[in-house]
Amino acid sequence: QVQLVESGGGLVQAGGSLRLSCAASERTFSTYTMGWFRQAPGKEREFVAAIIGSASTYYATSVEGRFTISRDNAKNTVALQMNSLKPEDTAVYYCAATRVVWSRLSADFGSWGQGTQVTVSS
């Protein structure tokens, strides 16, 4: 399993931006699909974005055009730049890793971080 640690959450007003980061302790980091999921109170965990290799990305429809996922394989990090934030983006955000490509299913991701809270005020 990959050990993952998220950082960068916080409180922001609607329309603002936040950048989440996730550090991984795995020498084969570049071979993993890295993803971000989120879970709002009372709701199921949902897929947000993922990146395969260096540059193949895919997003949930709700965040496409506003969020950007990227990774630095030399530093074993993955980031989620979140712009034009909305109150409905409020959730705990989780970094996750899998060997599966193109998956949006949390069950396919075997390694998870502890989560970081993002709160967007209206």
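Note that the structure is a prediction, hence the values are computed from the model and not measured.

Undergrad: I tried to follow the side chain of Arg66 on my own but got confused; where do I start?
TA: Secondary-structure assignment places Arg66 in the loop between strand S6 (56-59) and strand S7 (67-72). A distance of 2.9 Å separates the side chain of Arg66 from the backbone oxygen of Ser84, its partner in a polar contact. In this structure Arg66 touches Gln81, Met82, Asn83, Ser84, Leu85, Lys86 and Asp89, once residues within four positions along its chain are discounted.

Undergrad: Looking at this structure, I do not really get the pairing of strand S3 (residues 18-25). What am I missing?
TA: Consecutive residues of a regular strand have side chains that alternate between opposite faces of the sheet. What you see with S3 is a clean split: Leu18, Leu20, Cys22 and Ala24 sit on the buried side and Arg19, Ser21, Ala23 and Ser25 on the side with no burial. Direction of pairing for strand S1 (residues 3-7) relative to S3: antiparallel, over a ladder of five bridges. Within the sheet, the bridge partner assigned to Gln3 lies in S3 and is Ser25. Inspection of the sheet shows S3 paired to strand S8 (residues 77-82) by six bridges, in the antiparallel sense.

Undergrad: Explain the environment of Ser56 to me, please; I cannot follow it from the model alone.
TA: For Ser56, the position within the fold is in strand S6. Taking relative accessible area as the criterion, Ser56 reaches 34% and is therefore assigned partly exposed. Residues Ser56 and Ser70, 14 residues apart in the sequence, show an inter-C-alpha distance of 9.4 Å. Those residues in contact with Ser56 that sit more than four places away from it in its chain are Ala50, Ile51 and Trp102.

Undergrad: Could you clarify how one ought to interpret the pattern of salt bridges in this entry?
TA: Opposite charge on two side chains allows them to pair when their charged atoms are near. One pass over the full model with this rule turns up three salt bridges. We note a salt bridge from Glu46 to Arg38, for which the minimum N-O separation is 2.6 Å. Judged by relative accessible area, which is 6%, Arg38 ranks as buried. Its salt-bridge partner being Asp89, residue Arg38 comes within 2.9 Å of it at the nearest N-O pair. Separated by 51 residues along the polypeptide, Arg38 in strand S4 (residues 33-39) and Asp89 in the loop between S8 and strand S9 (91-98) bring together distant segments of the chain. For the residue pair Arg38 and Asp89, the accessibility class agrees, reading buried in each case.

Thresholds applied
Residues numbered from 1 in each chain as written. Predicted model: local features only at pLDDT ≥ 70, side-chain atom pairs only at ≥ 80, totals over all residues. Heavy atoms only, no water. Helix = DSSP H or I, 4+ residues; strand = E, 2+ residues; numbered from the N terminus. Polar contact = N/O pair within 3.5 Å; in protein donor to acceptor, adjacent residues only side chain to side chain. Contact = heavy atoms within 4.5 Å. Buried < 20%, exposed > 50% of the residue type's maximum accessible area, 1.4 Å probe, protein only. Pairing = 2+ DSSP bridges. Salt bridge = Lys/Arg side-chain N within 4 Å of Asp/Glu carboxyl O.

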